[in-house]
Amino acid sequence: MNKIPFAKPYLGVEEEMAVLEVLRSGNLAMGSKVKEFEEKFAEYVGAKYAVAFNGCTSALRSAIDVLVLPQEVKVPAITYTATASVVVDSGRIPVFVDVDENLLAKDADIPVHLAGRRVKGDALIFDSAHRIEKDDVKNSKAIWCYSFYATKNLTTGYGGMACTNNLEHYRGLKLIQDDGRFKTKPTYSVIQAVGGRDMNDLVAAIGLEQLKKLPWMTEQRNRVVSRYNKNLGLDRVGNHLYPILVERRNEFIKYMNENGVQTSVHFLPLHLEPAYEKYWDGISLPNTELLGQRLVSLPIFPELLDSEVDYISEHVLKTNLFIK
């Protein structure tokens, strides 16, 4: 069997033609394609407004700018670094909180839908880099921040989106998106905020085609999750990552790689990473520290075949390192 990659974007001629159309138009900066992508993405997730950025990190950072957050901001200790780095970048202090057995931190100020599992509850900002689901933002009072990185459920290579139902928050996000410029006349602007993290039409053109395919891609990811669940006797939800627990992780990853299966780790405990050690108060985070030693993510992408899922599952069980 050929090597099975950890992730693989589902791209076709539609994305190629969309990019070519923008290239031929000569309008490569933020324009009509970005506006259309914002409108259609907002409609999909059930939000009144959407603002496109060059990545989820920029969306999160911009959301912090338009909201009044406390000086100390609670973030999960297991998440991608961006969830915490935007707090530091804003001049605030990240306070790392433990996750539960489902990798969710329900008492965080910026909860993360890790692996695509939804965190329920109230928050001002949701890090939804791993989750793009229909109508998730409907009636929500929070700003939801999405990622379109190469491995995500919808990809534009790089890119992100902030969605909200609050008009004032939307206006603040739009101001930041466009370099903080407020146009007083067609020829010049007044700079009212520090910003500059906008998306361009090349990226948005890919996003529009990906959005058309998202229902099918979501269906296929759910198929993969269901088959892993059946094969491994688990009950996972969320369709961006499929995390499992193993003993002797390095040994497990080496074995899987030797048998043609690429895996990954999501994530190492942030409070123990060199960049964040100075923000850790020394309080033990038992779930985070235990899970952080044992987590491994298995391949999941729309074109992953049932036979490949079965092959991966078979070798997971053969290692005798899998913790059910």
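What you are looking at is a predicted structure, and each value in this text was computed from that prediction instead of being measured.

Caption draft 1: A look at the overall build of the protein chain. Within the protein chain, the regular secondary structure consists of nine helices and eleven strands. The C-alpha atoms of the protein chain give a radius of gyration of 20 Å, which matches the 20 Å a tight globule of 324 residues would have. Expressed as a percentage of the 324 residues in the protein chain, the buried residues total 52%. Of the roughly 15200 Å² of accessible surface on the protein chain, a fraction of 51% belongs to carbon and sulfur atoms. Here the protein chain holds 39 positive side-chain charges and 41 negative ones, and the gap between their average locations is 2 Å.

Caption draft 2: Structural view of the packing of helix α7 (residues 249-258) against helix α9 (residues 306-318). Contact geometry of α7 with α9 gives a least axis separation of 10 Å together with a crossing angle of 140°. The angle between α7 and α9 places the two elements in the oblique class. Both α7 and α9 take part in a crossing whose hand is right-handed. Listed contacts from α9 to F252, Y255 and M256 of α7 are I312, H315, V316 and K318. Its residues assigned to classes, the contact of α7 with α9 shows five nonpolar, one polar and one charged.

Caption draft 3: Geometry of the environment of T263. By the secondary structure assignment, T263 is in the loop between α7 and α8 (286-294). In sequence terms T263 and E14 are 249 residues apart; their C-alpha atoms lie 29 Å from each other. Residue contacts for T263: discarding those within four places in its chain leaves F6, I253, M256, V296, S297 and L298.

Caption draft 4: The arrangement of the pattern of salt bridges in detail. Following the criterion strictly, the structure yields 21 salt bridges and no others. Between R294 and E247 there is a salt bridge whose closest N-O contact spans 3.8 Å. Residue R294 is located in helix α8, and its partner E247 is located in the loop between β9 (242-246) and α7; the two are separated by 47 residues in the primary sequence. The partly exposed category is assigned to R294, whose relative accessible area is 25%. A relative accessible area of 34% means that E247 is categorised as partly exposed. Because the salt bridges share partners, they merge into one network encompassing R61, D65, D89 and R197.

Caption draft 5: Region of interest: the sheet that holds strand β1 (residues 49-53). One open sheet accounts for four strands, arranged β1-β6-β5-β4; its pairing is mixed. Looking at the sheet topology across the chains shown, the edges are occupied by β1 and β4 (125-127). Across the sheet, the mean angle separating the axes of adjacent strands is 20° when strand polarity is ignored. Direction of pairing for β1 relative to strand β6 (residues 160-164): antiparallel, over a ladder of five bridges. Paired with A52 across the two strands is M161, which belongs to β6. Running over the sheet, helix α2 (residues 32-45) touches β1, β5 (143-147) and β6 and is turned about 130° from β1. This element, helix α3 (residues 56-66), spans β1, β4, β5 and β6 of the sheet and lies at about 165° to β5.

Parameters and conventions
Residues numbered from 1 in each chain as written. Predicted model: local features only at pLDDT ≥ 70, side-chain atom pairs only at ≥ 80, totals over all residues. Heavy atoms only, no water. Helix = DSSP H or I, 4+ residues; strand = E, 2+ residues; numbered from the N terminus. Rg over C-alpha atoms; globule rule 2.2 N^0.38 Å. Buried < 20%, exposed > 50% of the residue type's maximum accessible area, 1.4 Å probe, protein only. Areas by Shrake-Rupley, 256 points an atom, 1.4 Å probe, with all protein chains shown as cover. Lys, Arg positive; Asp, Glu negative; His and termini not counted. Charge placed at Lys NZ, Arg CZ, Asp CG, Glu CD. Axes fitted to C-alpha atoms, helices over the stretch in contact; angles between N-to-C directions. Parallel < 35°, antiparallel > 145°, perpendicular 65-115°, else oblique. Left-handed = near helix turned anticlockwise from the far one by under 90°. Contact = heavy atoms within 4.5 Å. Nonpolar A, V, L, I, M, F, W, Y, C, P; charged D, E, K, R; others polar. Salt bridge = Lys/Arg side-chain N within 4 Å of Asp/Glu carboxyl O. Pairing = 2+ DSSP bridges.

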